[in-house]
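Summary of structural features
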2 protein chains.
Amino acid sequence: MKPDRAERSADAIRELIVTGRLTPGQRLSEQSVSESLDVSRNTLREAFRILVHEGLLVRRPNAGVAVATPTLADIVDIYRVRRLIEVPVLAAGDPAHPGARAMRDAVDAALAARLGGDWRDIAAANMRFHSGIVALAGSPRLDRVHANLSAELRLSFGLLGENGAFFDGFVDRNAGLLRRFLAGDADGAAADLDRYLEDSERMLQAIVDDAGAGDAADTVSQ
Amino acid sequence: MKPDRAERSADAIRELIVTGRLTPGQRLSEQSVSESLDVSRNTLREAFRILVHEGLLVRRPNAGVAVATPTLADIVDIYRVRRLIEVPVLAAGDPAHPGARAMRDAVDAALAARLGGDWRDIAAANMRFHSGIVALAGSPRLDRVHANLSAELRLSFGLLGENGAFFDGFVDRNAGLLRRFLAGDADGAAADLDRYLEDSERMLQAIVDDAGAGDAADTVSQ
DNA sequence: CGATCCTGACTGTTGAACAATCCGGGCTCC
DNA sequence: GGAGCCCGGATTGTTCAACAGTCAGGATCG
């Protein structure tokens, strides 16, 4: 109910990162961040440890930490792992599991958000949809891994700028996929999901490809 | 080449945990550990953060950290994730990938270790074998996740005591699986692996089951 | 104009301090 | 004698101040 200060600081910074208020490559000074979060430098360093371990921050020896800048290879990797996890989980999923409920709610939220017009809301709902898929497995470790991948991916989305219209087309696919799954055709839904992730990856690659042309930044891994 | 002190401390403690010199449930005092590792308390706390994040330590509010005590549910979960990852990776693996070389080396080491007689060596070689499988995917994230699972699993092995003979039977299965994979029958090898993991899980469950009877300890997850 | 040196800022790490909290032991009271 | 209470010591959570090492960038000098 009341996590320690380091963890709360990590949560706060993570939120800043995935919402794009901290941009990839940006350096985080221990002094200024600790002041703005009102924690001591030591405590903040514990928070940094967590985020570095999650891959959202990179540590550069004697130069502190900076927001990770995902490369194309990272995005490909994230999607590969997501497919590896989500597809078989969905195929073996039970429509009666609470995760299915989460998927349903997420689809509704996405449909509502599309009317609202803010693509960030759509993206968030989309993420919840996929979290719901993973939840079907009922595995705490899988949930953790997937949550981490989501965070990294949302960080990548920061590179999208206003290309967010990106998501609109996927809302309906989510809805169709869900309908199929709830109807008992888990394998068909899983096949849909496989194509879905393939397409998503291709589109993201294309966008990042020409957005970051000539930007041979550091990798986010390690 | 020269990680910072917190990370090195984390490595040292992790080693103590997975080699069983620190037993599940054991509490780690900040003062004594910091003295024995010759680092300051603040630095040690950063190391603790890492290990808590990895699930090897649990933090209890105002009572510091203790070595996690995996429950049956944890072991089941670990194996479920391992199967989910390793089986499809092996099925899609390329025998020419460096990971295959690692698998080969691991099998050789396991065979040698069986002659040596120390089951810990066998266990270590076995782990390397499975790391090799995951390496076939060429995914840094998957490697990290799997390394983490391995560490948690080795922690569980601590509960095995001298039941380590456990592994002997699997050495030959590894060898057979590898032969099949190298011969080009990736699907057959993957099927072998699937059964292998199923059997391993069952055996581990049985052992932990009657070893820890009446020990309703905390879960390792969160 | 270029190389060098210097200075300032920041990180990495430590030690000390202090409130808050928990645990065990002794004490009281029944 | 046993149950419950209280207190003191030990430990955690957190902060602050200090200092060496290192890096970046500007000032200086040739």
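Chain A is annotated in an unreviewed UniProt entry as GntR family transcriptional regulator of Promicromonospora soli.

**Structural notes on the pattern of salt bridges**
Scanning the model with the defined rule gives 42 salt bridges over all chains in all. The closest approach of N and O atoms between A:Arg14 and A:Asp11, which form a salt bridge, is 2.4 Å. Here the residue A:Arg14 and the residue A:Asp11 both occupy positions in helix H1 (residues 5-18), the gap between them amounting to three residues, near one helical turn. Between B:Arg173 and B:Asp199 there is a salt bridge whose closest N-O contact spans 2.9 Å. Of this pair, B:Arg173 sits in helix H8 (residues 168-182) while B:Asp199 sits in helix H9 (residues 186-211), and the two are 26 residues apart along the sequence. The class of B:Arg173 is partly exposed, set by a relative accessible area of 32%. Taken together, the salt bridges that share partners define one network made up of A:Asp4, A:Glu46, B:Glu30, B:Arg41, B:Arg45 and B:Arg49.

**What about the interface of chain A and chain B?**
Across the contact, 33 residues belong to chain A and 33 residues belong to chain B. Across the chain A/chain B interface, buried area totals approximately 2,700 Å², and carbon plus sulfur atoms make up 50% of it. For the chain A face of the interface with chain B, the top three residues by lost area are A:Arg49, A:His53 and A:Arg141, together amounting to 30%. Taking the shortest distance from any N to any O, the salt bridge between A:Glu152 and B:Arg141 comes out at 2.9 Å. Joining chain A to chain B, the criterion identifies 21 residue pairs in polar contact (both at pLDDT 80 or more). At the level of elements, H1, helix H3 (41-54), helix H4 (72-91) and helix H7 (140-157) of chain A are the ones that each hand at least two residues to the side of chain A that touches chain B. Counting residues per element, the side of chain A that touches chain B draws most heavily on H4(A), which supplies nine residues. Looking at the side of chain A that touches chain B, its residues break down into 14 nonpolar, six polar and 13 charged.

**What about the sheet that holds strand S3 (residues 65-67) of chain B?**
All names here are of chain B. The strand order across the open sheet built from three strands is S1-S3-S2, with neighbouring strands paired in antiparallel fashion. Looking along the sheet, the strands with just one partner apiece sit at the ends: strand S1 (27-28) and strand S2 (57-59). Inspection of the sheet shows S2 paired to S3 by three bridges, in the antiparallel sense. Along S3, the bridge assignment pairs Val-58 with Ala-66.

**Quick word on the protein's contact with DNA strand D**
Lining the immediate surroundings of DNA strand D are 20 residues, of which A:Ser40, A:Asn42, A:Thr43, B:Arg41 and B:Arg45 lie closest. Within 4 Å of the protein, the contacting atoms of DNA strand D are 63% sugar and phosphate, with bases supplying the remainder. A:Ser40 is positioned such that a nitrogen or oxygen atom in its backbone is 3.1 Å from a phosphate oxygen of DNA strand D. A distance of 3.3 Å is found between a phosphate oxygen of DNA strand D and a backbone nitrogen or oxygen belonging to B:Glu30. Among the elements of the structure, H3 of chain A together with S1 and helix H3 (41-54) of chain B are those that each provide at least two residues to the surface near DNA strand D. In terms of residue class, the surface near DNA strand D is built from three nonpolar, eight polar and nine charged.

**Some words on the packing of aromatic side chains**
Residues and elements named next belong to chain A. This structure, assessed with the given rule, holds two aromatic pairs over all chains. Where Phe-170 meets Tyr-196, the ring centres are 4.9 Å apart and the plane angle is 55°; that geometry is what we call tilted. Remark: Tyr-196 occurs in helix H9 (residues 186-211) and Phe-170 occurs in helix H8 (residues 168-182); sequence separation between them is 26 residues. On the accessibility criterion, Tyr-196 (2% relative accessible area) is buried.

**As for the relation of the copies chain A and chain B**
Least-squares fitting of chain A to chain B yields an RMSD of 0.0 Å, with the superposition described by an axial translation of 0.0 Å and a rotation of 180°. The relationship between the two copies is best expressed as a two-fold rotation axis. Taking the C-alpha atom as reference, chain A places A:Glu46 closest to the rotation axis, 2.6 Å from it. Counting the interface residues of chain A, we find that 100% of their copies in chain B are interface residues as well, pointing to one common contact surface.

**Observations regarding the nonpolar core**
Among the nonpolar cores identified, the biggest contains 88 residues, and A:Leu90 and B:Leu90 are the most heavily contacted of them. When neighbours within four sequence positions are excluded, B:Leu90 is seen to be in contact with B:Met103, B:Ile133, B:Leu136, B:Leu177, B:Phe181, B:Ala186, B:Ala189, B:Ala190 and B:Leu193.

**Notes on the protein's contact with DNA strand C**
What surrounds DNA strand C is a group of 21 residues, the closest being A:Glu30, A:Arg41, A:Arg45, B:Asn42 and B:Thr43. A share of 64% is what sugar and phosphate atoms reach among the atoms of DNA strand C within 4 Å of the protein. Of all elements in the fold, only strand S1 (27-28), helix H2 (30-37) and H3 of chain A together with H3 of chain B reach the threshold of two or more residues within the surface near DNA strand C. Residues belonging to the surface near DNA strand C are distributed by class as follows: three nonpolar, nine polar and nine charged.

**Some remarks on the packing of helix H6 (residues 119-135) of chain A against H7(A)**
Residues and elements named next belong to chain A. Packing of H6 against H7 brings their axes to within 10 Å, and their N-to-C directions diverge by 160°. As summarised for this structure, H6 and H7 are arranged roughly antiparallel, according to the angle between their axes. Classified by chirality, the crossing of H7 by H6 is right-handed. Together, Trp-119, Met-127, His-130, Ser-131, Val-134 and Ala-135 of H6 and Leu-142, Asp-143, His-146, Ser-150, Leu-153, Arg-154 and Phe-157 of H7 make up the contact between the two elements. Within the contact of H6 with H7, the residues separate by chemical class into seven nonpolar, four polar and two charged.

Cut-offs and rules
Residues numbered from 1 in each chain as written. Chains lettered and ligands numbered in written order. Predicted model: local features only at pLDDT ≥ 70, side-chain atom pairs only at ≥ 80, totals over all residues. Heavy atoms only, no water. Salt bridge = Lys/Arg side-chain N within 4 Å of Asp/Glu carboxyl O. Helix = DSSP H or I, 4+ residues; strand = E, 2+ residues; numbered from the N terminus. Buried < 20%, exposed > 50% of the residue type's maximum accessible area, 1.4 Å probe, protein only. Contact = heavy atoms within 4.5 Å. Buried area = accessible area lost by both parts, 1.4 Å probe. Polar contact = N/O pair within 3.5 Å; in protein donor to acceptor, adjacent residues only side chain to side chain. Nonpolar A, V, L, I, M, F, W, Y, C, P; charged D, E, K, R; others polar. Pairing = 2+ DSSP bridges. Near = heavy atom within 4 Å. Phe/Tyr/Trp six-rings, centres within 6.5 Å; stacked < 30°, edge-to-face > 60°. Least-squares fit on C-alpha atoms with pLDDT ≥ 70 in both. Core = buried A, V, L, I, M, F, W, Y, C linked by side-chain atoms within 4.5 Å. Axes fitted to C-alpha atoms, helices over the stretch in contact; angles between N-to-C directions. Parallel < 35°, antiparallel > 145°, perpendicular 65-115°, else oblique. Left-handed = near helix turned anticlockwise from the far one by under 90°.

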